[in-house]
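Secondary and tertiary structure notes
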Amino acid sequence: MSVGLVALAALMGAVTYPSRATPLLAPWVERLPAGARLYLRLVGPAVLSALAAADVMVGTAGGHPVFHVGIEWLAVAASVILVAWRRNLFLGLIVGVVLVAGARALGLA
Amino acid sequence: MSAQALPSGTSASLAASRRRLLVESAGIAISSGGFGLVYGLAARHAGFSPVEAVAMSVLVFAGASQFAAVGLVSGGLAWPGVVLVTALLNARHLLYSAALAPWLRHLGRGRRAAMAYVLTDESFALSIAHFQRIGHDDEVGYWIGAIASTWIPWNVMTLVGAALGGEVADPSRFGLDVVFPAAMAGLAVGLVTGRRELVAAVAGAGVAVPLGLAIGPTAGIVAGGLVGPLAGMLAGPRPAAEAGPGPRATLLDDARAAVDPPDEAGLP
């Protein structure tokens, strides 16, 4: 059984833990400038949307990035609409997965 | 060891507040378990072994970055890129930690260091509400919120998903490949609480795609994650103009603005 990615997990943990612990252990971080706090607040939506958009819109062909259009767009759009409407991420994921699975089962994608 | 009291305006009894905390934790635990299962399945689909999938849940314990890592690793991204994206995604924990620090500063460093390991969107939201209800901190309450609501269900169901994932011959047939982008987009929606967040999200995606096409997905994602917040900052009044009554109130507001809404909770 492969264990190579355990080292990656350890590295990810190593860069995550300081953001959780530093202010608790070094209270001076409480006094971060307002601009820095605002930037941190906005990193989440920016990174997450960048990840989602790059995943569904950028594919690869012959080792080069290419613009991709597919059923995944519709699935992600449906998830986003459901999350915005019902405030329920899990429901959004289920609907997205069912949409893609259904389209593939019917030979539409 | 005495509890740290901070002005809160309310003081429910400790027992009553802990009961409420348990009920809230149970609700989140169901959702967290569901996400853990999906993560385990997605990780196996991406080629992770069960040991690797579970190790990531235990060592990182941060759902969004774990889903991101699954997608990025399966896409062939080099480890430094995965680690950088992880650091960016999890930087929001600074806000939660800083908001909790005044309540917990009387505890020993070792205890605070241990508490930091299980600090997630959920444990922050549950514990800060609990502390404010009772008017002081409660270490037992913190552990209840962190362990019962998220750590146990997330890790147990990761193991279940990783074990079941190997039995699925062609996961893309079941649409599991869309879990990653749908989870990322859904989480982004959950974090959009105002115009600035919306602009940051749109700018992040708007930078990631063209740069991803021109240079590569990694460069696009990192650039989107770095430039998006700057665009968001330009989309509203200066931060000082939004300041609350004091440093702690402002910090708490920032942390609350960064946390997932409660009914989307479950992803550590």
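Before reading further, recall that the structure is shown in the block above.
Residues numbered from 1 in each chain as written. Chains lettered and ligands numbered in written order. Predicted model: local features only at pLDDT ≥ 70, side-chain atom pairs only at ≥ 80, totals over all residues.

1. Quick word on the overall build of chain B
- The secondary structure content of chain B amounts to 12 helices and 0 strands.
- Counted from the first residue to the last, chain B has its helices and strands arranged as α-α-α-α-α-α-α-α-α-α-α-α.
- Taken across its 268 residues, chain B has 57% of its residues classed as buried.
- When contacts within chain B are restricted to residue pairs at least 6 apart in sequence, those whose partners lie at least 24 apart make up 79%. (Helix = DSSP H or I, 4+ residues; strand = E, 2+ residues; numbered from the N terminus. Buried ≥ 20, exposed ≤ 12 C-beta atoms within 10 Å, placed from the backbone. Contact = placed C-beta atoms within 7 Å.)

2. Section: helix 1 (residues 4-25) of chain A
- The terminal C-alpha atoms of helix 1 of chain A lie 32 Å apart, and with 22 residues this matches the ideal 32 Å at 1.5 Å per residue to within 8%.
- Along helix 1 of chain A, the helix axis deviates most sharply at S19 of chain A, where the bend reaches about 30 degrees; the proline P23 of chain A sits within four residues downstream.
- For helix 1 of chain A, the set of buried residues is L5, L8, A9, M12, G13, T16, Y17, S19, R20, A21, P23 and L24 of chain A.
- Of the surrounding secondary structure, the elements contacted by the buried residues of helix 1 of chain A are helix 2 (50-59), helix 3 (63-74), helix 4 (79-90), helix 5 (93-104) and helix 6 (109-117) of chain B. (Expected span 1.5 Å × (residues − 1). Bend = angle between axes of the 7 residues up to and from the residue.)

3. A look at the nonpolar core
- One finds A50 of chain A together with A42, V179, M184 and A188 of chain B to be the most contacted residues of the largest nonpolar core, which totals 118 residues.
- Looking at this core element by element, the count peaks at 15 residues for helix 2 (residues 34-57) of chain A.
- If we ignore the near neighbours within four places in the chain, the residues touching V179 of chain B are L93 and V97 of chain A together with V38 and A42 of chain B. (Core = buried A, V, L, I, M, F, W, Y, C linked by C-beta atoms within 7 Å.)

4. Focus on the interface of chain B and chain A
- Each partner contributes residues to the interface: chain B has 100 residues there, and chain A has 71 residues.
- The element best represented in the side of chain B that touches chain A is helix 9 (residues 179-191) of chain B, accounting for 13 residues.

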